[in-house]
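# Structure at a glance
Each chain, letter by letter, is given below.
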Amino acid sequence: MTTKPVDAEAAQERLRRWRLVLGGDQADGTGCALSGPDAAMDGALTALYGKEAAPRTGRERAGGLGASAPAVARWLGDIRTYFPSSVVQVMQRDAIDRLGLATLLLEPEMLEAVEADVHLVGTLLSLHHAMPDRTRETARAVVRKVVEDLERRLADRTRATLTGALDRGARVSRPRHHDIDWDRTIAANLKHYLPEYRTVVPERLIGHGRASRGVKKDVVLCVDQSGSMAASVVYASVFAAVLASLRSISTRLVVFDTAVADLTDRLDDPVDVLFGTRLGGGTDINRALAYCQSQITRPTETVVVLISDLYEGGLRNEMLKRVAAMQAAGVRFVTLLALSDEGAPAYDREHAAALAELGAPAFACTPELFPEVMAAAIEKRALPIPEAG
């Protein structure tokens, strides 16, 4: 029988994992000693999650990064050695939050060592006005790496989904064979069913029109750039650039805090868009929507997407009246509490409920769902709102 050695090995592995989690102080109860790579891994965890209380005694875990750039550089290398990329990104975010390491990201050496992700981009954008000149190019390279990765992951599906939605919107009665919408054609010709031949005679064909060269839809992305919306700003900038690449969609990108900035002229490069934002500050949704409303020339062919946690610092009633007025004119209005993988952030539930009463329910949207949301908005059908979990 070999079960006992296997069981003993599994038990030892559990003790090892608990020892790494608990930190090795006198209360962890594992009695497990670490050596080699395990000890180095524990040191990396200790530096970030260790106790900050006074004198270190015995094997108690204590914080060890401080504000030393060389120590941080070594630590960044260590965590990339011992942990997978997804864990590295979480630990980097925790280091920025817990140990105040954001200012060290102003050093190009630090930027070259970090694992780039959407959250790091948000941090860099909040710091970029304070960056020394020698750091700016490195920061742009980090941001560009993340943006290009997002474009590879999201662009093709977005273009395919929205092109299909636009084509379906142009119905024709004399379609070419490969453009026939068979479901609608059969439904329209059921009265011509011939039982003896068990077939339908399609006297009237219904098809998808081919995409024309002209602009079919106007899309306005109105994005809250307050600090809590950093990841949403990154994703919205990438999607705005993808939408702008479609000739049949006229895309406008507006970002706001208490002021409003129209970044439409930068949509050929989402990195330029991101460095045109200013994360942080207050929120004036009403002012932003007033600007968006002033840019609408074809209301029945326009989709406005507000991406915000809805904490309004401006005129609440005016904001709601403005949404109602746009909808009454034929605008399709969509409210997203977030455009990110993290789900809904803290948001103003009263404003969300008020918008829902106006027919613009607010919900969080993942980047993978966003193309479907936009397709539904373009086709003027029900939005694919995720079920509350």
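For the chain, an unreviewed UniProt entry supplies the name VWA domain-containing protein and the organism Streptomyces rochei.

## A few points about the overall build of the chain
Along the chain, the regular secondary structure elements total 14 helices and 10 strands. Across the chain, contacts joining residues at least 24 apart in sequence account for 72% of those joining residues at least 6 apart. In the structure as shown, the chain presents an accessible area of about 19600 Å², 52% of it carried by carbon and sulfur atoms.

## Topic: the packing of helix H11 (residues 285–294) against helix H12 (residues 316–328)
At their nearest, the axes of H11 and H12 sit 9 Å apart, and the two run at 25 degrees to each other. Viewed along their axes, H11 and H12 adopt a mutual orientation that is roughly parallel. In this structure, H11 meets H12 at a crossing whose hand is left-handed. Each of Ile285, Asn286, Leu289, Ala290 and Gln293 in H11 lies in contact with H12, whose residues at this interface are Glu318, Met319, Arg322, Val323, Ala325 and Met326.

## Observations concerning the packing of aromatic side chains
Tallied over the full model, the rule gives one aromatic pair. Look at Phe239 and Phe370: their rings are 4.5 Å apart centre to centre, the planes differ by 40 degrees, and that puts the pair in the tilted class. Here the residue Phe239 occupies a position in helix H9 (residues 230–244), and Phe370 occupies one in helix H14 (residues 370–378), the gap between them amounting to 131 residues. Grouping residues by exposure puts Phe239 and Phe370 together as buried.

## Considerations on the nonpolar core
The biggest cluster of nonpolar side chains holds 84 residues, and the ones touching the most others in it are Trp75, Leu221 and Leu253. With 24 residues, the next largest nonpolar core counts Ile296, Val323, Val331 and Tyr347 among its residues.

## Let's talk about the packing of helix H2 (residues 36–49) against helix H4 (residues 85–99)
One can describe the packing of H2 onto H4 by two numbers: an axis separation of 9 Å at closest approach and a directional angle of 35 degrees. For the pair H2 and H4, contact is made by Ala44, Leu45, Ala47, Leu48 and Tyr49 and by Met91, Asp94, Ala95, Arg98 and Leu99, respectively. Taken together, the residues that form the contact of H2 with H4 break down as eight nonpolar, no polar and two charged.

## A look at the pattern of salt bridges
Scanning the entire structure with this criterion turns up 15 salt bridges. As a salt-bridge pair, Arg252 and Asp262 come within 2.5 Å of each other at their nearest N and O atoms. With Arg252 in strand E6 (residues 249–256) and Asp262 in strand E7 (residues 260–262), this pair connects stretches of sequence that are 10 residues apart.

## Comments concerning unusual backbone geometry
Trans peptide bonds make up the majority, and among non-glycine residues the majority have a negative phi. A positive phi angle, close to 70 degrees, is found at Leu310, a residue other than glycine. Inspection of the secondary structure puts Leu310 in the loop between strand E8 (302–307) and H12. Its identity is not glycine, yet Lys380 carries a phi of approximately 60 degrees, on the positive side. Structurally, Lys380 can be placed in the segment after H14.

Each value, and the rule that gives it
Residues numbered from 1 in each chain as written. Predicted model: local features only at pLDDT ≥ 70, side-chain atom pairs only at ≥ 80, totals over all residues. Heavy atoms only, no water. Helix = DSSP H or I, 4+ residues; strand = E, 2+ residues; numbered from the N terminus. Contact = heavy atoms within 4.5 Å. Areas by Shrake-Rupley, 256 points an atom, 1.4 Å probe, with all protein chains shown as cover. Axes fitted to C-alpha atoms, helices over the stretch in contact; angles between N-to-C directions. Parallel < 35°, antiparallel > 145°, perpendicular 65-115°, else oblique. Left-handed = near helix turned anticlockwise from the far one by under 90°. Phe/Tyr/Trp six-rings, centres within 6.5 Å; stacked < 30°, edge-to-face > 60°. Buried < 20%, exposed > 50% of the residue type's maximum accessible area, 1.4 Å probe, protein only. Core = buried A, V, L, I, M, F, W, Y, C linked by side-chain atoms within 4.5 Å. Nonpolar A, V, L, I, M, F, W, Y, C, P; charged D, E, K, R; others polar. Salt bridge = Lys/Arg side-chain N within 4 Å of Asp/Glu carboxyl O.

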